[in-house]
Amino acid sequence: MSDKTTQTERRDRKGIIALALSGLVAGMVGLSFAAVPLYQMFCQTTGYGGATQKAEAAPGEVLDRTITIRFDANVDRDLPWTFAPVQRVMDVKIGESSLAFFRAHNNTDKPVTGTAGFNVAPESAGRYFTKIECFCFTKQTLAAGQSVEMPVTFFVDPKIVDDDTTKNISEITLSYTFYRNDDQPDVAAAPAGQNSGS
């Protein structure tokens with residue numbers, strides 16, 4: 001075998017290795033961008049991390065059993081808003097559609113946009129806590145000094161009583177954190193943060 005053939009084979013091998021490594025790097029970059037939506041999809045399907053569910057309407061089956069819903073409100077330090085639940089506690093029948101309100105106020109002299117992330121505790125209740133309508137589904141823009149009441153319509157799925165890990169839950173906390181979002185696309189969910197505005 002000549003030196004020319006050996007050099008050509010080495011060059012070809014190096015080219016294949018370089019191409020494979022480039023493909024690996026591109027694949028890793030692609031997976032990193034897909035990780036957030038895939039994780040959100042996983043959380044919403046399983047209730048992991050206290051992620052809640054979404055539905056068009058309540059199931060129609062209402063149990064003769066109530067569950068206490070507590071409401072928590074937080075504001076990220078970058079968002080100059082005050083944000084708090086209008087009612088801190090509600091007793092609701094399992095399966096019944098309920099309506100709660102949160103109040104937000106823009107403390108600046110300019111319009112500011114925010115997005116609310118949410119979760120529930122205990123985390124195992126997340127797969128049974130279902131929202132029909134919520135201000136957290138889209139970005140919210142408040143004008144300078146504006147105050148608004150933001151509704152959330154929800155129900156607790158009756159299947160919660162059939163699950164051994166959740167059947168004895170008597171209280172669920174629904175927690176929101178508003179984040180500044182002046183130029184980002186809408187998001188559906190995010191983990192709860194800090195700096196209580198309640």
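Under an unreviewed UniProt entry, the name given to the protein is Cytochrome c oxidase assembly protein CtaG, and the organism recorded is Methyloceanibacter superfactus. Recorded under Sequence similarities (unreviewed entry), the UniProt text for the protein is reproduced unchanged: "Belongs to the COX11/CtaG family."

A.B. asks: I'd love a proper account of the pattern of salt bridges, names of residues and values included.
C.D. replies: In the structure shown here, the tally under the stated rule is five salt bridges. Between Asp-163 and Arg-127 there is a salt bridge whose closest N-O contact spans 3.1 Å. One end of the pair, Asp-163, is in the loop between strand S9 (147-156) and strand S10 (171-180); the other, Arg-127, is in the loop between strand S6 (112-121) and strand S7 (129-134), with 36 residues separating them in the sequence. For Arg-127, a relative accessible area of 30% corresponds to the partly exposed category.

A.B. asks: Which residues make up the pairing of strand S2 (residues 66-75), and what values go with them?
C.D. replies: In terms of residue burial, S2 counts as a mostly covered element, since seven of its ten residues are buried. Strand direction decides the pairing type here: S2 and strand S4 (residues 89-93), joined by five bridges, are antiparallel. Along S4, the bridge assignment pairs Thr-66 with Lys-93.

A.B. asks: Give a description of the state of the cysteines that names residues and reports values.
C.D. replies: Tallying each qualifying case throughout the model produces one disulfide. Disulfide pairing places Cys-134 opposite Cys-136 at an S-S distance of 2.3 Å. Across the S-S bond of Cys-134 and Cys-136 the torsion is about 130 degrees, and the bridge reads as right-handed. Each member of the pair Cys-134 and Cys-136 is classed as buried.

A.B. asks: Tell me about the packing of aromatic side chains, and name the residues and values.
C.D. replies: Under the defined criterion, the tally for this structure stands at twelve aromatic pairs. For the ring pair Phe-83 and Phe-135, a centre distance of 6.1 Å and an interplane angle of 75 degrees mean the geometry is edge-to-face. Remark: Phe-135 occurs in the loop between S7 and strand S8 (140-142) and Phe-83 occurs in strand S3 (residues 81-85); sequence separation between them is 52 residues. Here Phe-135 falls in the buried class, since its relative accessible area comes to 5%. Here Phe-83 and Phe-178 contribute two aromatic rings whose centre-to-centre distance is 4.8 Å and whose plane-to-plane angle is 90 degrees, an arrangement assigned as edge-to-face. Taken together, the positions of Phe-83 in strand S3 and Phe-178 in strand S10 put the pair 95 residues apart, joining distant regions of the chain. Accessibility expressed as a relative area gives 0% for Phe-83, which makes it buried. Here Phe-178 falls in the buried class, since its relative accessible area comes to 0%. The rings of Phe-71, Trp-81, Phe-83, Phe-102, Phe-118, Phe-129, Phe-135, Phe-154, Tyr-176 and Phe-178 are connected pair by pair, giving a single aromatic cluster. Against the face of Phe-118 rests Lys-131, its NZ or CZ located 3.2 Å from the ring centre.

Each value, and the rule that gives it
- Residues numbered from 1 in each chain as written.
- Predicted model: local features only at pLDDT ≥ 70, side-chain atom pairs only at ≥ 80, totals over all residues.
- Heavy atoms only, no water.
- UniProt positions renumbered as here; feature names shortened; annotations may be inferred.
- Salt bridge = Lys/Arg side-chain N within 4 Å of Asp/Glu carboxyl O.
- Helix = DSSP H or I, 4+ residues; strand = E, 2+ residues; numbered from the N terminus.
- Buried < 20%, exposed > 50% of the residue type's maximum accessible area, 1.4 Å probe, protein only.
- Pairing = 2+ DSSP bridges.
- Disulfide = S-S within 2.5 Å.
- Phe/Tyr/Trp six-rings, centres within 6.5 Å; stacked < 30°, edge-to-face > 60°.
- Lys NZ or Arg CZ within 6 Å of the ring centre and 35° of its normal.

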